[in-house]
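Reading the structure
Listed below are the residues making up each chain.
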Amino acid sequence: MATSLPSSANGARSDASMHIILLGVNHRTAPVELRERVAFSAENARRAAQELRSGGVVGEVVVVSTCNRSELYGVFGENAEHAAAALESFITTFHGLPAGSLNGALYHHNDHDAVRHLFRVASGLDSMLLGEAEILGQVRQAYMVAFENGDTGPVLNRLFQSALEVGKRVRTETEIGTRPMSAAFAAVKLAEQIFGKLRHHRALILGAGAMGEQLVEHLRDRGMTSIYVANRSRERGEELARRVSGEAFAWADLPRALELPDIVVSCIGGDEPVLSRAVIEQAMHSRGGRAMFVIDLGVPRNVEPGVADLYNVYLYTIDDLTGIVEQNKHAREKEIPRAEALISEQLEKFKSWQASARSVALLAELRDKLQHNREEFLRKHMDEMEHLAPADRERVARLTAELLDSILEQPASRLRGEKELRRKLEEIEAVRHLFGLEKHQP
Amino acid sequence: MTSFLDNLVLAFYLASFGIHIWYLYTDSSFIGRLGTLCLAGGVVSHYFALLSRARAMGGVPYQDFYGSLSLFAWLLAVTYLGIERFHRQRAVAPFVLPFVIAFVAISTLLAPEPAAIQQTKAHGPLFALHVTINILAYAAFALSFVVSLLYLAQNRWLRDRKLGSVIWRFPALEVLERMSRSSVIVGVTALSFGMALGFLWAHRLLGHYVTGDPKEIVSLVVLLVYVLYLRLSRQTAWRGARACRLCVACFFCVIFSYTVVNFYLSSYHRFF
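The shown structure was predicted, so the numbers you read here are calculated from the model rather than taken from an experiment.

1. So, the overall build of chain A
- On a plain count of helices and strands, chain A comes out with 17 helices and 10 strands.
- Every one of the 442 residues in chain A was classed for burial, and the buried ones make up 40%.
- A separation of at least 24 residues holds for 75% of the contacts in chain A among residues at least 6 apart in sequence.

Okay, structure coming up:
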């Protein structure tokens, strides 16, 4: 998406001291039947955010809804339990579910747990397919929708921008998303390792199985346009060829058809191999020895194992591809600690920002309160000092204002400059309490 | 003895190597461009380092072993950069740059102070061009050797279905094959031109063509085996791994020509 991310600086003073809450369901806590009942369409997400804000449940809100999760991220004032209960009640009412129907499926996290959760989601660590790339785009989309509707403020702006940043870092600085995780995708990646860009190469699909069709989709995504189909049943072959915008060959023309493609995908039922060593050898000779990648998805196998020994022929069976996927899965899992380290680093940055924003807000509140006290003090005592000329009164007022500034100058400067001090002041509520600055927020 | 310029050259090449390894790991185009930029920085500063050495010696620095090695490293880097730009493929850099770095390190860290060379009729521009272009040919052949080895390794892994973690970052086999062929075309063209200049120079110097020098014979053999490679690499039975094996074998002829022939057999050709 070309839209640039909004600035999170505006309004940092007003809401940064508030708390973050997350409530949701995902593929680990709820079956698909339940997940689809609490999913938010784009329009529903907008409406839900608006209702949550106008109802005073949360001050800021972002709805993240994908096929594997529905999550509400909000910013609330004081009572975490109240906010969680209100959100749970909202989500069941909004989707027209009976009360308590989400018991056990819903999870909720507050503050740093919620932040870490979102960072893990954006990084693909919480996905069904570890390290999948789509989730980062989905999180970005959810955030942009909320931002454009005015549902976000300084806290969620900062939170989601941090999440997108860490998601991108995890993808580029670890290998969590580099390797194919499905057999069809692994086959296409292997084809690219042999031929490079597939745009000008050709593929022949033998049979009309679902997995072959899935593979064709991946090939099409890579820009391949020359796809041929051959099937024992001419009608089914032609039907598949139509679906994939390919060209159908009669089964009897198979030897001729084999001269054309660089990639042969075979997924035919039957006990005997369809592609013998002699047939492929003849095809290789006819095509001038150019490399051929044969993918045998059939069980029992469609291609004679001896084909693998032919020069410039690369033969992979379904077991080989599954083996690659398994190997890649383990390799991705090995990258989890590195991804978690990046997430922890980003969480520390977010905490530091939050502490800084809260400190600034606290100082502003303190200044306002002292200013108010000063004005009260002057009003009360100036009446008793009638002998003072207006110029002297003005001078006294100016001097007390200067005194106030000089008292607050040092702590303000230290809070701005000293990261460690801000960390120590993380329990800022205690300081707030010390100066009698408790707020009553929704 | 090393100068600031020598250190800068080494620093650029080392940085480029490190960044290209990083690129192999991250696949980020920004990091890739950064690696190429560092390599270009290395090539430019290396040119000025060679120029400085040439001024100190009073001629193109191929008269001594270290100068010749440095010139070879520079031409290898230049050839690689050209091939990288032509094929838009950066993943080979981590396998080529170690050679460039090693040669530069040897030629700068171990080389004595360059001594002034005695100017003779031999050191005219025609002769300098003959030597430089021949070294360019050897550099191009060296590049095709590295690329072919990479092809053979990847081909073996793909055929044996033993795919490690790095293979997904390697260039495709067809790309490696094309890169190897491009390098050989550069090498064959440069060697043909360089040899022709050599004959011309000898004729101008002696009034007749020199024939029978072992270096001439071996260079001709090198030229022929690479032409044979170019011919066979497009034929049915040879394209792919067999052509790459032939390319690797051809390079042993280059090594023989660059070492045994230069050091022991030829009286005209030393260190180039």
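So much for the structure itself; the text now carries on.
2. Describing the overall build of chain B
- Secondary structure assignment for chain B yields 8 helices and 0 strands.
- Within chain B, the proportion of its 272 residues that are buried is 46%.
- Within chain B, residue pairs in contact and separated by at least 24 positions form 82% of the contacts whose partners lie at least 6 positions apart.

3. A short note on the interface of chain B and chain A
- Taken together, the contact pairs 17 residues of chain B with 21 residues of chain A.
- In terms of residue count, helix 6 (residues 173-206) of chain B provides more of the side of chain B that touches chain A than any other element does, 3 residues in total.
- Split into classes, the residues belonging to the side of chain B that touches chain A amount to 8 nonpolar, 5 polar and 4 charged.

4. Considerations on helix 13 (residues 318-334) of chain A
Residues and elements named next belong to chain A.
- Helix length check: helix 13, at 17 residues, gives a terminal C-alpha distance of 24 Å against a target of 24 Å (1.5 Å per residue), a fit within 8%.
- Within helix 13, burial applies to Leu321, Ile324, Asn328 and Arg332. For helix 13, the angular spread of the buried residues around the axis is 70°, confining them to a single face. Pointing more than 90 degrees away from the buried face of helix 13 are the exposed residues Glu326, His330 and Glu333.

5. Regarding the sheet that holds strand 10 (residues 313-317) of chain A
All names here are of chain A.
- Read from one edge of the open sheet, 6 strands run 7-6-5-8-9-10, paired in parallel fashion. The open sheet is flanked by strand 7 (247-249) and strand 10, the only strands paired with a single partner. Between one strand axis and the next, the sheet turns through 20° on average, direction left out of account.
- When strand 9 (residues 292-296) meets strand 10, the two strands line up parallel, connected through 5 bridges. The partner of Ile295 across the bridge, within strand 10, is Tyr316.

6. Brief notes about the packing of helix 1 (residues 4-26) of chain B against helix 4 (residues 93-109) of chain B
Residues and elements named next belong to chain B.
- The interhelical angle for the contact between helix 1 and helix 4, taken along N-to-C directions, is 160°, at an axis separation of 9 Å. Considered as vectors, helix 1 and helix 4 are oriented roughly antiparallel to each other. Taken as a pair, helix 1 and helix 4 cross one another with a handedness that is left-handed. Mapping the contact onto sequence places Asp6, Val9, Leu10, Tyr13, Leu14, Ser16, Phe17, His20, Ile21 and Leu24 in helix 1 and Ala93, Pro94, Leu97, Pro98, Val100, Ile101, Val104, Ala105 and Thr108 in helix 4.
- Within the contact of helix 1 with helix 4, the residues separate by chemical class into 15 nonpolar, 3 polar and 1 charged.

7. Focus on the sheet that holds strand 2 (residues 60-65) of chain A
Residues and elements named next belong to chain A.
- The strand order across the open sheet formed by 4 strands is 2-3-1-4, and the pairing between neighbours is antiparallel. On the outer flanks of this sheet lie strand 2 and strand 4 (107-110), each paired with one strand and no other. Each adjacent strand pair in this sheet contributes to an overall mean axis angle of 15°, direction not counted.
- Bridge count between strand 1 (residues 19-26) and strand 4: 4 bridges; the pairing is antiparallel. If you follow Ile21 over to strand 4, its bridge partner there is Asn110.

8. Notes on the pairing of strand 6 (residues 226-230) of chain A
Residues and elements named next belong to chain A.
- Strand 6 sits mainly inside the fold: 4 of its 5 residues count as buried.
- Sheet topology places strand 5 (residues 202-206) next to strand 6; 5 bridges connect them, and they run parallel. Bridge pairing in strand 6 places Leu206 opposite Ala230.
- Sheet topology places strand 6 next to strand 7; 3 bridges connect them, and they run parallel.

9. A closer look at the environment of A:Leu190
All names here are of chain A.
- The topology assignment puts Leu190 in helix 8 (residues 183-195).
- Sequence separation between Leu190 and Phe293 is 103 residues, and the spatial gap between their C-alpha atoms is 8.7 Å.
- When neighbours within four sequence positions are excluded, Leu190 is seen to be in contact with Phe293 and Tyr316.

10. Some thoughts on the environment of A:Ser286
- Among the secondary structure elements, A:Ser286 is positioned in helix 12 (residues 277-286).
- Counting along the chain gives 26 residues from A:Ser286 to A:Leu260, while the straight-line C-alpha distance between them is 9.1 Å.

11. Considering the confidence of the model for chain A
All names here are of chain A.
- Scored by pLDDT, chain A comes out at a mean of 84, with 90% of its residues at no less than 70.
- Confidence, expressed as mean pLDDT per element, reaches its minimum in chain A at helix 1 (residues 12-15) with 42 and its maximum at helix 5 (residues 111-122) with 95.
- Every residue in residues 7-14 scores below 50 in pLDDT, and together they form 13 contacts with partners more than four places removed in sequence or on other chains.

12. Structural notes on the pairing of strand 9 of chain A
Residues and elements named next belong to chain A.
- Within strand 9, 5 of the 5 residues are buried, which leaves the element mostly enclosed by the surrounding structure.
- Burial of strand 9 is two-sided: the residues Met292, Val294 and Asp296 facing one way and the residues Phe293 and Ile295 facing the other way are all buried.
- One ladder, built from 4 bridges, connects strand 8 (residues 263-266) with strand 9; its direction is parallel. In the sheet register, Val264 faces strand 9, and the bridge partner there is Val294.
- Crossover handedness for the path strand 8 to helix 12 to strand 9: right-handed.

13. With respect to the confidence of the model for chain B
Residue and element names in this part refer to chain B.
- Mean pLDDT for chain B: 85, with 92% of residues reaching 70 or above.
- Looking across chain B, the model is least confident in helix 8 (residues 241-265), with a mean pLDDT of 86, and most confident in helix 5 (residues 125-160), with 91.
- Here the complex is predicted with pTM 0.68, and the ipTM for its interfaces comes to 0.81.

14. Side note on unusual backbone geometry
Residues and elements named next belong to chain B.
- Backbone geometry at Arg88 places phi at a positive 50°, although glycine is not the residue there.
- Note on placement: Arg88 falls in the loop between helix 3 (65-87) and helix 4.
- In this model, Arg161 sits at a positive phi of 60°, which is unusual for a non-glycine residue.
- Relative to the helices and strands, Arg161 is located in the loop between helix 5 and helix 6.
- Take Arg161: there are 17 C-beta atoms within 10 Å of it, and that puts it in the partly exposed class.

15. Describing the environment of A:Arg287
- The residue A:Arg287 is located in the loop between helix 12 and strand 9 in this model.
- As for A:Arg287 and A:Leu260, which are separated by 27 residues in sequence, their C-alpha atoms are 7.2 Å apart.

16. Here we look at helix 8 of chain A
Residues and elements named next belong to chain A.
- Here helix 8 spans 18 Å end to end across 13 residues, near enough to the 18 Å set by a 1.5 Å rise per residue.
- Extensive coverage of helix 8 is indicated by the burial of 11 of its 13 residues.
- Three or more residues of helix 8 are buried, namely Ala183, Ala184, Phe185, Ala186, Ala187, Val188, Leu190, Ala191, Gln193, Ile194 and Phe195.
- The first or second residue beyond helix 8 is Gly196, which carries a positive phi of 80°.

Conventions and cut-offs
Residues numbered from 1 in each chain as written. Chains lettered and ligands numbered in written order. Predicted model: local features only at pLDDT ≥ 70, side-chain atom pairs only at ≥ 80, totals over all residues. Helix = DSSP H or I, 4+ residues; strand = E, 2+ residues; numbered from the N terminus. Buried ≥ 20, exposed ≤ 12 C-beta atoms within 10 Å, placed from the backbone. Contact = placed C-beta atoms within 7 Å. Nonpolar A, V, L, I, M, F, W, Y, C, P; charged D, E, K, R; others polar. Expected span 1.5 Å × (residues − 1). Arc of directions from axis to C-beta. Pairing = 2+ DSSP bridges. Axes fitted to C-alpha atoms, helices over the stretch in contact; angles between N-to-C directions. Parallel < 35°, antiparallel > 145°, perpendicular 65-115°, else oblique. Left-handed = near helix turned anticlockwise from the far one by under 90°. pLDDT = per-residue confidence, 0-100. Right-handed = clockwise from strand over helix to strand, strands pointing away.

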